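# Chains, contacts and geometry: an overview
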Amino acid sequence: MIENKGFSILNHLRRDSRKSLSKISKETGIPLSTVFDNIKKLEKKIIKKYVSLIDFSKMGYNLKVNFILKSGDKKEELKQFLLSNKNVNSLLRLNGEADFLVEGIFKDMKELEEFNNKLDGHKIVNKMEHHIIEEIKTEGFIESIL
C-alpha cells in the first residue's frame, strides 16, 4: 500500500514526469532524499514506464475513434489483427457483452474506412463505433484521490 507521500509524488509525476526531484521536494515539502527513495520504490512496484501524452491532431491524425467489439469464434485472430494494426493506440480486453475496447487514431475518414473494411473481414458479431469529439479528462485518477 502507498502512503500519502507516495501519492503526492505520483501526482506530481503524472502531471509532469520530467519534473526534477528538487522541484518535487520543494513543492511537496518532502525532503529530497525521501523523494528519491520513494520514486525508486514506486518504480519497482507501481510505475510501469514514463511516457509522453501526444496531441495526435498536431501530427495530422484528426480522428480518434473508440470501438467496442464482440468477436465470433475467432477471438484470438481478431486480437492479433488489432495488436499489429498501426491505427490501434490502445487495446483492452473486456468481459460481458463485448470482447475488446479499441482506441483507434486515424488521419481522415478514408483511413478509418480502410480500417473498418479490414475489421469486416474478421467476422465481428457486434461493433459499436464512437467518434471522440473532445477529451475532457485524461489521466486524472491519482489527483482525484488526494
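Preceding this section is the structure that the text describes.
Please read these numbers as outputs of a predicted model, since none were measured by experiment. (Residues numbered from 1 in each chain as written. Predicted model: local features only at pLDDT ≥ 70, side-chain atom pairs only at ≥ 80, totals over all residues. Heavy atoms only, no water.)

## Considering the nonpolar core
To keep things clear, this is the line we draw: Buried Ala, Val, Leu, Ile, Met, Phe, Trp, Tyr and Cys residues that are joined via side-chain atoms within 4.5 Å together make up what is termed a nonpolar core. Each residue's exposure class comes from its accessible area (1.4 Å probe, protein chains only) as a fraction of the maximum for that residue type: buried when under 20%, exposed when over 50%, partly exposed otherwise. Secondary structure follows DSSP: runs of H or I at least 4 residues long count as helices, runs of E at least 2 residues long count as strands, and numbering of each begins at the N terminus. For this analysis, residues touch if any pair of their heavy atoms sits within 4.5 Å.
The biggest cluster of nonpolar side chains holds 14 residues, and the ones touching the most others in it are F67, L69, L82, F115 and L119. Looking at this core, the elements that each hand over two or more residues are β1 (63-71), α4 (75-84), β3 (100-106) and α5 (109-120). Looking at this core, the element that brings in the most residues is β1, giving 4 residues. Apart from residues no more than four positions distant in its own chain, L69 is found in contact with L78, L82, A98, D99, F100, V102, L119, I124, N126 and K127.

## Comments concerning the packing of aromatic side chains
Let me state the cut-off plainly: Aromatic pairing here means that ring centres of Phe, Tyr or Trp (its six-membered ring) are within 6.5 Å. Orientation follows from the plane angle: under 30 degrees is stacked, over 60 is edge-to-face, and everything else is tilted.
Going through the model one piece at a time under the given rule, you end up with 4 aromatic pairs. Here the aromatic residues F67, F81, F106 and F115 are joined through ring pairs into a cluster of three or more.

## Overview of the pairing of β3
Stated formally: By the convention used here, strands pair only if DSSP detects at least 2 bridges between them.
The element β3 is largely enclosed, with a buried count of 6 among its 7 residues. Of the pairings in the sheet, the one linking β1 to β3 comprises 7 bridges and is antiparallel in character. Each bridged residue has a counterpart across the sheet, and for N66 the counterpart in β3 is E103. Examined bridge by bridge, strand β2 (residues 88-93) and β3 share 5 bridges and lie antiparallel to one another.

## Examining α4
Condition: When we speak of the arc, we mean the arc of directions from the helix axis to the C-beta atoms.
Every buried residue of α4 is accounted for by L78, F81 and L82. Projection of α4 onto a plane perpendicular to its axis shows the buried side chains occupying an angular sector of 95 degrees, all on one side. Of the exposed residues in α4, the ones pointing more than 90 degrees away from its buried face are L83 and S84. For α4, the secondary structure elements touched by its buried residues are β1, β2, β3, α5 and β4 (124-131).

## A short note on the environment of E129
Using the following cut-off: Distance and chemistry together define a polar contact, namely a pair of N or O atoms within 3.5 Å, with one atom able to donate a hydrogen and the other to accept it when in protein, and with adjacent residues in sequence counting only for side-chain atoms on both sides.
With respect to the element layout, E129 can be found in strand β4. With relative accessibility at 29%, the residue E129 sits in the partly exposed group. For the pair E129 and T34, spaced 95 residues apart in the sequence, the C-alpha separation amounts to 47 Å. Setting aside chain neighbours within four positions, we find E129 in contact with V65, N66, F67, L112 and N116. One polar contact links E129 to N116, side chain to side chain, over a distance of 3.1 Å. Among the polar contacts made by the side chain of E129, one reaches the side chain of H131 at a distance of 3.0 Å.

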